[in-house]
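Here is what each chain is made of, one letter per residue.
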Amino acid sequence: MAAEQARDGDPPAIDISGLTKSYGRRTALNGVDLRVREGEVFGFLGPNGSGKTTTIRVLLDHIRRDAGSVSVLGRDPRTDGVALRREVGYLPGELTMAGRRSAGDLLGFYARLRGGVPRARIEELAGRLGLDLRRPVRGLSKGNKQKVGLVQAFMHRPRLLILDEPTSGLDPLLQQEFLAMVRQAREAGATVFMSSHVLSEVHDAADRAAIIRDGRIVATEDMDALRARAVHEFSIRFAEPLGEAEAREFGALENVRGVRTEGDRLTCTVDGSPDALVKLAARRTVLLMSAVEPDLEELFFTHYADGADGGAAREGGG
Amino acid sequence: MGVQVFGRFLRERARGLAGWSLAVAAVTAMYAAFWPTMADTADLMQQYMEAMPAMGEAMGWNDMTSPEGYIEATVLLLVPVLMVVAAIGVGARAVAGDEEEGALELVMAYPVGRTSLLVQRFAASAVHTAVLGAVMFLVLLGLSPVLDLGIGAGHLAAACLSTALVALCYGTAAFAIGAVTGRRSFAIAGGAFLAVVGYLGDTFALTVDDLEWMRFTSAFYYGFDPEPLVNGVDPGYTLVIAAVPLVLAAVAAAVFARRDVLV
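My aim in this report is to walk through the structure given alongside it, one point at a time. (Residues numbered from 1 in each chain as written. Chains lettered and ligands numbered in written order. Predicted model: local features only at pLDDT ≥ 70, side-chain atom pairs only at ≥ 80, totals over all residues. Heavy atoms only, no water.)

Glancing now at the overall build of chain B. What chain B contains, in helices and strands, is 14 helices and 0 strands. Traced from its N-terminal end to its C-terminal end, chain B shows the element sequence α-α-α-α-α-α-α-α-α-α-α-α-α-α. Compactness check: chain B gives a C-alpha radius of gyration of 20 Å against a globular reference of 18 Å for 263 residues, within 12% of the reference. Its C-alpha atoms give chain B principal-axis dimensions of about 65 × 45 × 30 Å. Out of the 263 residues belonging to chain B, those deemed buried represent 51%. Of the roughly 10,900 Å² that chain B leaves accessible, carbon and sulfur atoms contribute 70%. (Helix = DSSP H or I, 4+ residues; strand = E, 2+ residues; numbered from the N terminus. Rg over C-alpha atoms; globule rule 2.2 N^0.38 Å. Buried < 20%, exposed > 50% of the residue type's maximum accessible area, 1.4 Å probe, protein only. Areas by Shrake-Rupley, 256 points an atom, 1.4 Å probe, with all protein chains shown as cover.)

Have a look at this one:
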């Protein structure tokens, strides 16, 4: 809902245009254009080495751009980094934590670095993620370190959350808890910018997503529109084997494609509602019916396959 | 915010600092404790040194028959080396080490300015060295009456100040190289190289006329040539080794504020 409240007139939470960055001869970012609306959850996708982390580090002023303009929450990170980072929560892609001090002690330090965060807030987040604050950070597993990283990113209720590969190392149950935290942050008006190398990690949470490849944004997509276009693959098992005539009958349905039969089994893809398919199938005895969730990643690139970069992007996407 | 980065860095070093303090105290006490034995055989030692003047000069021995001369030739030869090693380690860790490990990334995502970060880490490194200097001073001060050294507290303090400042020079060199390059290995290698050149420049190079200029590039020369145990603090030379770390830290801050971090 929050995303819809943000009108076009509102200044974007992140506004990048023509961003370039080279390391020596290697071009890391080659004219990135990206606008993230205030209050939306935005997925930032791309394979490793495509420029995701470089872009994020420019937003935080760890890296200085060669050209282009960058505005985060209305501020230029290069000149106004300290004030900007006060309103940002950041989860790095690779978390390093050492030392024999406890997770609680480390989070206490981060809280003081923010000018103070109520202890109860840290304990609440740690409780939600099942993080034991008394354990020394040195011995923590990757997943537990990720929890420490999530707590410090969310604890001060920032206006903008920048999360680099947030779900890596989290088991499925914790991924759900994480997504609930993201939704709550959005309901409270925060903007969430999260990167991933796979679409499936963000497709449940994101309002929109962009794909970066070779230092350039190759696609930006509304996730609801993407889901609406989704083609489901159906598989039906009947009590008796199907004949060729019956297969043609299914194939004649308006939104059904790719009908194949093999003995008593029929598979096809359905564009939109499966109502007609179900009604036709119900004339026979159905033993089993299943639908496979669409591969949004595939879909993402199908849409952009005509574009110059889309084809290349698709090849590397598998 | 405030000085959180300063405090945190020191607290993380607490165990290491305790270990170095112990080492400095042990070496200081062990060598100082031999003075009474040494005093009894001073004549013998003096003859030995007169027989090999070049050796004495190379090792930085002047006069082994006075307590000042003895402490200078032993404690002030070894403890500075220990403290330089400790300072280079901490200086290299302060920026480059944390940057390479990735620990700097999160701190730099917080509302802390780069200059503030650098100044706080430098200050913490300086305090680390100052603590070791204070340990050395306290051990010498405590042992002085027991061993009948007869060196005043002011002169002992002057020698320990020189030692700490020499260590800080090389520690800050490592710190600055790390802050400029972001590479811990460069920081350690650079700091160690300068320290070795400085150490040799003020000892072995003195025996070769052509290499005598080397002593002017040596913090050891500015720290110990005025013989602080005998003469107390030399304002001019002390100013040199106090200014060098500040200049290095300022250069480090200026470069660090402009460069890309963590690439």
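Moving on: the pairing of strand E11 (residues 256–262) of chain A. Residue and element names in this part refer to chain A. In terms of strand pairing, E11 meets strand E12 (residues 265–271) through 5 bridges, oriented antiparallel. When the sheet's bridge partners are listed, Arg 257 is paired in E12 with Thr 269. What sits between the antiparallel neighbours E11 and E12 is a turn of 2 residues, in which Gly 263 has the positive phi angle 65°. (Pairing = 2+ DSSP bridges.)

In the structure shown here, the tally under the stated rule is 14 aromatic pairs over all chains. Summarising the aromatic geometry, the rings of A:Tyr110 and B:Tyr110 are spaced 5.2 Å apart at their centres and angled 20° between planes, so their arrangement reads as stacked. Separated into two different chains, A:Tyr110 in helix H4 (residues 103–113) and B:Tyr110 in the loop between helix H8 (103–107) and helix H9 (114–147) make up a pair that spans both. Overall, A:Tyr110 belongs to the buried group, its relative accessible area being 4%. For the ring pair A:Phe154 and A:Phe178, a centre distance of 6.5 Å and an interplane angle of 90° mean the geometry is edge-to-face. Taken together, the residues span a long stretch of sequence, with A:Phe154 in helix H6 (residues 142–154) and A:Phe178 in helix H7 (residues 172–187) at a distance of 24 residues. Accessibility assignment for this pair places A:Phe154 and A:Phe178 in one class, buried. Grouped by ring-pair contacts, the aromatic residues B:Phe216, B:Tyr221, B:Tyr222 and B:Tyr237 constitute a single cluster. (Phe/Tyr/Trp six-rings, centres within 6.5 Å; stacked < 30°, edge-to-face > 60°.)

Turning our eyes to something else, we now look at the sheet that holds strand E2 (residues 26–36) of chain A. All names here are of chain A. Ordered in space as E2-E1-E4, the 3 strands form an open sheet in which the pairing is antiparallel. Both outer strands of the open sheet, E2 and strand E4 (67–72), are each paired with one neighbouring strand and no more. Averaged over neighbouring strand pairs, the angle between their axes works out to 25° when direction is ignored. In the packing of helix H2 (residues 52–59) onto the sheet, the strands contacted are strand E1 (14–23), E2 and E4, and the crossing angle to E1 comes to about 115°. (Axes fitted to C-alpha atoms, helices over the stretch in contact; angles between N-to-C directions. Contact = heavy atoms within 4.5 Å.)

Think of a ball as big as a water molecule: rolled over the atoms, this probe shows where empty space is left. Residues and elements named next belong to chain B. Tallied over the entire structure, the rule returns 2 cavities of 30 Å³ or more. Taken together, the elements giving at least two residues each to the lining of the largest cavity come down to helix H10 (153–181), helix H12 (219–224) and helix H14 (235–256). With 3 residues, the single largest contributor to the lining of the largest cavity is H10. Residue composition of the lining of the largest cavity, by class: 7 nonpolar, 4 polar and 1 charged. The computed volume of the second largest cavity comes to approximately 40 Å³. Lining the second largest cavity, in full, are Ala 87, Val 90, Gly 91, Ser 125, Thr 129, Leu 168, Gly 171, Thr 172 and Phe 175. Only helix H7 (75–101), H9 and H10 provide two or more residues apiece to the lining of the second largest cavity. The element contributing the most residues to the lining of the second largest cavity is H10, with 4 residues. (1 Å grid on protein atoms, 1.4 Å probe; cavity = no way out; pocket = protein on both sides within 12 Å on 5 of 7 lines; lining within 4 Å. Points joined across faces, edges and corners; volume = space filled by probe spheres on them. Nonpolar A, V, L, I, M, F, W, Y, C, P; charged D, E, K, R; others polar.)

Listed by partner, the interface residues are 28 residues for chain A and 26 residues for chain B. Carbon and sulfur atoms supply 51% of the area buried between chain A and chain B, which totals about 2,800 Å² over both sides. Looking at the side of chain A facing chain B, the largest losses of area belong to A:His62, A:Arg64 and A:Leu113, adding up to 24% of the total buried there. At the junction of chain A and chain B, the tally comes to 4 salt bridges. Here chain A and chain B share 18 residue pairs in polar contact (both at pLDDT 80 or more) between them. For the side of chain A that touches chain B, the elements supplying multiple residues, two or more each, are E1, helix H3 (77–86) and H4 of chain A. Looking at the side of chain A that touches chain B, the element that brings in the most residues is H4(A), giving 6 residues. For the side of chain A that touches chain B, the residue count by class is 12 nonpolar, 4 polar and 12 charged. (Buried area = accessible area lost by both parts, 1.4 Å probe. Salt bridge = Lys/Arg side-chain N within 4 Å of Asp/Glu carboxyl O. Polar contact = N/O pair within 3.5 Å; in protein donor to acceptor, adjacent residues only side chain to side chain.)

Turning our attention to unusual backbone geometry. Even without being a glycine, A:Asp61 presents a positive backbone phi close to 65°. As for its placement among the helices and strands, A:Asp61 is situated in the loop between H2 and E4. Positive phi outside glycine occurs at B:Asp148, with the angle close to 60°. Tracing the backbone through its elements, the reader meets B:Asp148 in the loop between H9 and H10.

Attention shifts here to the environment of A:Pro12. Residue and element names in this part refer to chain A. Here Pro 12 lies in the loop between helix H1 (2–5) and E1. Judged by its relative accessible area of 23%, Pro 12 is partly exposed. Taking the C-alpha atoms as reference, Pro 12 lies 25 Å from Val 198; in sequence the two are 186 residues apart. The residues contacting Pro 12, other than those within four sequence positions of it, are Arg 35, Val 36, Arg 37 and Glu 38.

Of all hydrophobic cores here, the largest spans 74 residues; its most connected members are A:Tyr110, A:Phe154, A:Leu163 and A:Phe178. Sort the elements by how many residues they give to this core and H4(A) lands first, with 7 residues. Contacts of A:Leu163, omitting those with residues within four sequence positions, involve A:Leu91, A:Ala153, A:Phe154, A:Phe178, A:Val192, A:Phe193, A:Met194 and A:Ser195. Counting 48 residues, the second-largest nonpolar core is a separate cluster that includes B:Met38, B:Ala87, B:Ala92 and B:Met136. (Core = buried A, V, L, I, M, F, W, Y, C linked by side-chain atoms within 4.5 Å.)

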